[in-house]
Amino acid sequence: MTKKVMIPLILLIVLYTTSILIDKDMIQVQLLTKNHPPSLEHLFGTDWLGRDMFLRTLKGLELSIGIGLLTAVLSTMIGFLLSVLSTIHEKIDQVISWLVDLFLSLPHLVTLILISFTLGGGFKGVVIGLALTHWPQITRVLRGELLQLKEMPYVQLSGKFGQSFWWKVWHHYVPHVLPQLLVGFMLIFPHAILHEASITFLGFGLSADEPAIGIILSESMQYLTSGMWWLAFFPGVMLLIVILLFQSLANSVKNDLERDIQHEAFIEHSATNHSASENKSPYS
Amino acid sequence: MQLVRYLIKRSIRLAILLVAVSFLTFLLVSLSPIDPVRAYIGAEMLTVSPEQREAIEAYWGLDQSKPVQYWQWVKSLATGDLGTSLLYRAPVADVIADRFLSSFLLMGLAWLLAGLLGIVIGSVAAMRANTWVDRMIRGYCYLLLSTPGFWLGLLLLMIFSVWLGLFPVGLSAPVGVVSSEVTVLDRVYHAILPALTLSIIGVANVCLHTREKLLDILNQPFILQAKANGFTGMKLYFRHGFRNMVLPAVSVHFASFGELFGGAILSEQVFSYPGLGEAIVEAGLNGDIPLLLAIVLISACFVFIGNFLADVLYQWIDPRLRKGGDQS
């Protein structure tokens, strides 16, 4: 674990735990202190009902991070499952590749609008919608990887030894693509958060009584012309910071893993060269 | 001849894609809990008797089975009839035609601006690789890739419209002016801020790709030769760098039509700019199914055309790929 991985990770964990610790009752309507600009007492100012924007923003981030984690896990799982299925038979593979192309042929946001329209919005609609729109890229990567892996001698051999398909999946495929699953998951996460905020902002996502960032920002639209800039500015900045943290975390983990894989490939490469020149046995 | 065959192949792909997208969206929409009759009548639903309701359903063909409904819809689509918008009480084709122009203007402006800026900034970054200029530009791009587009729009709206009062707060034309008197200049003036929002976000993608591509080129032997011959700076860039980099960069930019459309939906919503994006949001929120379906199909065509143009640029404009290359 390098510093580049640990710092964003710790910051994110601190941010998430503080937002969990905030009780919903602490965000109270206090009409005496409404529409206050940012001050020491209210770091992010207060809204038209006197609610503290700092607490509301943190609460919104909790929701965003939670939804981001859930959907990233779900779409990574969908991606893995579909790529496993595509190794079973060529026809299934074609269908899945076609499905990937089909989903990529519509703008993300349009698909999201359609799915949450079908499911009637809300938490369930957002989570399912996000999970169903973020799997294509990871499926593409994993599919290529697994199709190669399937032809490897040791995987073929365990099939010949009578191991079942799902045994191979669990003992050969999963360990092999675990790094890609992790990186894929971490790359989906910031996208999912961004799209959650966007779809909620448009009115298709979470309902208006949830403390989501998208809701806060769409409410702030009505107060912009009266100069209450803090309503929109700070929640957006915090969202941006969370996304940046996760992006940098994902990139450092990806770099670390890629370096390891390159290193492995290098060792393998030199080892095979070595053995090829040393063992000139008639069998090889 | 090859070109014709290529075009035919592509058209068939588009047709298959549209059939699949129309089927999928129809399936999704028919699974939704929204009652089309209720969406049409609205608040006066209580005054409608069951008999009247049945009559309406029969009039619209809602009493038929779903496959029959789908077939009817596709048949009328094929003749160019997109149905009637429940929200605007007008043919969908008319509603869209008006908004298409606004959206086209917005996205066109944003696309051009993002492309020009992205290629220029990306080139600067690559030519000055690993200096502080490069680091600044890359930092800016990564920052933008994580920025929620609609939030950026809100910030621009606050700064330029509310504080400085330079631009209008919304809409695509001045209020209180007959639509026939709206000039092109008015339209462009109203599209500037939304387009700026879209292009600021869009720059990041083009810029990073341009930088990467140009760096690849600059690392090749012929550049070393050119440098040895005394070409440096702008001369080197325009003679060798730009020519090799521009096609791939423009291709990538064409392939980003999907993100452009998604961004336009958000940007139009922030600036209440009456384009296709705003229409799809309204249609979705109010259960206006014919309008929703039509815009989904248009967005699919839009993305397809973007990818198609990106392909064409790669395969047909670059003479190196045309000559003896494998076009399959």
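Residues numbered from 1 in each chain as written. Chains lettered and ligands numbered in written order. Predicted model: local features only at pLDDT ≥ 70, side-chain atom pairs only at ≥ 80, totals over all residues. Heavy atoms only, no water.

**Student:** Describe the overall build of chain A, naming the residues involved and giving the relevant values.
**Tutor:** Helices and strands together make up the secondary structure of chain A, namely 10 helices and zero strands. Reading chain A from its N terminus to its C terminus gives the helix and strand order α-α-α-α-α-α-α-α-α-α. Counting all 284 residues of chain A, 47% fall into the buried class. The long-range share in chain A, meaning contacts at least 24 apart out of those at least 6 apart in sequence, stands at 71%. Only carbon and sulfur atoms are counted for the fraction: they give 66% of the accessible area of chain A, which is about 14,400 Å². (Helix = DSSP H or I, 4+ residues; strand = E, 2+ residues; numbered from the N terminus. Buried < 20%, exposed > 50% of the residue type's maximum accessible area, 1.4 Å probe, protein only. Contact = heavy atoms within 4.5 Å. Areas by Shrake-Rupley, 256 points an atom, 1.4 Å probe, with all protein chains shown as cover.)

**Student:** Can you tell me about the interface of chain A and chain B, naming the residues and giving the values?
**Tutor:** Between chain A and chain B, the contact holds 36 residues from the first and 45 residues from the second. In total, about 3,500 Å² of surface goes out of reach between chain A and chain B, with carbon and sulfur atoms giving 85% of it. If you sort the residues of chain A by the area they bury against chain B, Leu114, Phe117 and Thr118 of chain A come out on top, with a joint share of 18%. Our count for the contact surface shared by chain A and chain B stands at zero salt bridges. Summed over the shared surface of chain A and chain B, the number is two residue pairs in polar contact (both at pLDDT 80 or more). For the side of chain A that touches chain B, the secondary-structure elements that each account for two or more residues are helix 3 (90-104), helix 4 (108-119), helix 8 (165-202), helix 9 (213-220) and helix 10 (230-278) of chain A. (Buried area = accessible area lost by both parts, 1.4 Å probe. Salt bridge = Lys/Arg side-chain N within 4 Å of Asp/Glu carboxyl O. Polar contact = N/O pair within 3.5 Å; in protein donor to acceptor, adjacent residues only side chain to side chain.)

**Student:** Could you give me a rundown of the side chain of Lys168 of chain A, with the residues and numbers involved?
**Tutor:** Tracing the backbone through its elements, the reader meets Lys168 of chain A in helix 8. With no salt bridge to any partner, buried Lys168 of chain A finds its closest opposite charge in Glu151 of chain A, at an N-O distance of 9.4 Å. (Lys, Arg positive; Asp, Glu negative; His and termini not counted.)

**Student:** Talk me through the pattern of salt bridges; I want residue IDs and the actual numbers.
**Tutor:** Scanning the entire structure with this criterion turns up eight salt bridges over all chains. Among the salt bridges present, the one from Arg56 of chain A reaches Glu219 of chain A, with a minimum N-O distance of 3.3 Å. On the criterion of sequence distance, the pair formed by Arg56 of chain A in helix 2 (residues 53-85) and Glu219 of chain A in helix 9 is long-range, its members being 163 residues apart. For the residue pair Arg56 of chain A and Glu219 of chain A, the accessibility class agrees, reading buried in each case. Here Glu62 of chain A makes a salt bridge to Lys59 of chain A, at a shortest N to O gap of 2.9 Å. Residue Glu62 of chain A and its partner Lys59 of chain A are located together in helix 2, separated by three residues, close to a single helical turn. Among the residues examined, Lys59 of chain A registers a relative accessible area of 9% and is labelled buried. Via salt bridges that share partners, Asp134, Arg138 and Arg211 of chain B belong to a single interconnected network.

**Student:** Let's hear about the environment of Val253 of chain A: which residues, and what values?
**Tutor:** All names here are of chain A. Relative to the helices and strands, Val253 resides in helix 10. We classify Val253 as buried; its relative accessible area is 12%. Residues Val253 and Met186, spaced 67 residues apart in sequence, show a C-alpha to C-alpha distance of 8.9 Å. Among all residues touching Val253, those that are not within four sequence positions of it are Val5, Leu182 and Met186.

**Student:** Can you lay out the environment of Asp311 of chain B for me, pointing to particular residues and giving the numbers?
**Tutor:** Residues and elements named next belong to chain B. Within the element layout of this structure, Asp311 appears in helix 13 (residues 289-317). Taking the relative accessible area as the measure of exposure, Asp311 reaches 25% and is therefore partly exposed. For the pair formed by Asp311 and Phe254, sequence separation is 57 residues and the distance between their alpha carbons is 9.1 Å. For Asp311, the contacting residues outside a window of four places in its chain are Tyr6 and Arg10.

**Student:** For the packing of aromatic side chains, give the residues involved together with the corresponding values.
**Tutor:** All names here are of chain B. Here the structure, examined in full by the defined rule, presents 18 aromatic pairs over all chains. Taken together, a centroid distance of 5.8 Å and an interplanar angle of 20° make the contact between Phe100 and Phe104 stacked. With Phe100 and Phe104 both in helix 5 (residues 92-127) and four residues apart, this pair spans about one turn of that helix. Given the relative accessible area of 36%, Phe100 is considered partly exposed. (Phe/Tyr/Trp six-rings, centres within 6.5 Å; stacked < 30°, edge-to-face > 60°.)

**Student:** Requested: an account of the confidence of the model for chain A, with residues and values cited.
**Tutor:** In this model, chain A carries a mean pLDDT of 82, and residues with pLDDT of at least 70 account for 89%. Note that residues 274-284 of chain A has pLDDT below 50 and, in this model, one contact with residues that lie over four places away or in other chains. (pLDDT = per-residue confidence, 0-100.)

**Student:** Please set out a nonpolar patch on the surface residue by residue, giving values where relevant.
**Tutor:** All names here are of chain A. A surface patch of nonpolar side chains, about 420 Å² in accessible area, is lined by Leu70, Val73, Leu74, Met77 and Phe123. The element contributing the most residues to the nonpolar patch is helix 2, with four residues. Along the chain, Leu74 falls in helix 2. (Patch = residues over 30% accessible without salt bridge, like charges linked within 9 Å, V, L, I, M, F, W, Y side chains within 5 Å.)

**Student:** Outline helix 11 (residues 257-270) of chain B, supporting the account with residue identities and numerical values.
**Tutor:** Residues and elements named next belong to chain B. Helix length check: helix 11 (14 residues) gives 20 Å between terminal C-alpha atoms against 20 Å at 1.5 Å per residue, within 8%. The element helix 11 is largely enclosed, with a buried count of 13 among its 14 residues. In the stretch just after helix 11, Ser272 is the one whose phi turns positive, near 35°. (Expected span 1.5 Å × (residues − 1).)

**Student:** Give a description of unusual backbone geometry that names residues and reports values.
**Tutor:** Residues and elements named next belong to chain B. Positioned with a positive phi, Asn130 is a non-glycine residue whose angle comes to about 65°. Mapped onto the elements, Asn130 comes out in the loop between helix 5 and helix 6 (132-145). With a phi angle near 35°, Ser272 is a residue other than glycine that sits in the positive phi range. Structurally, the position occupied by Ser272 is in the loop between helix 11 and helix 12 (276-286).

**Student:** Describe the environment of Leu119 of chain A, with residues and values.
**Tutor:** Structurally, the position occupied by Leu119 of chain A is in helix 4. Leu119 of chain A gets classed as partly exposed once you look at its relative accessible area, which sits at 30%.

**Student:** For the nonpolar core, give the residues involved together with the corresponding values.
**Tutor:** Phe80 and Leu202 of chain A together with Ile265 and Ile280 of chain B are the most contacted members of the largest nonpolar core, which totals 130 residues. A total of 16 residues in this core trace back to one element, the largest contributor, which is helix 13 of chain B. Leave out the neighbours within four places in its chain, and Ile280 of chain B touches Val110, Ile113 and Phe204 of chain A together with Ile265, Leu292, Ile295 and Val296 of chain B. Formed by 13 residues, the second largest nonpolar core is a distinct cluster that contains Ala126, Ile217, Ile223 and Ala226 of chain B. (Core = buried A, V, L, I, M, F, W, Y, C linked by side-chain atoms within 4.5 Å.)

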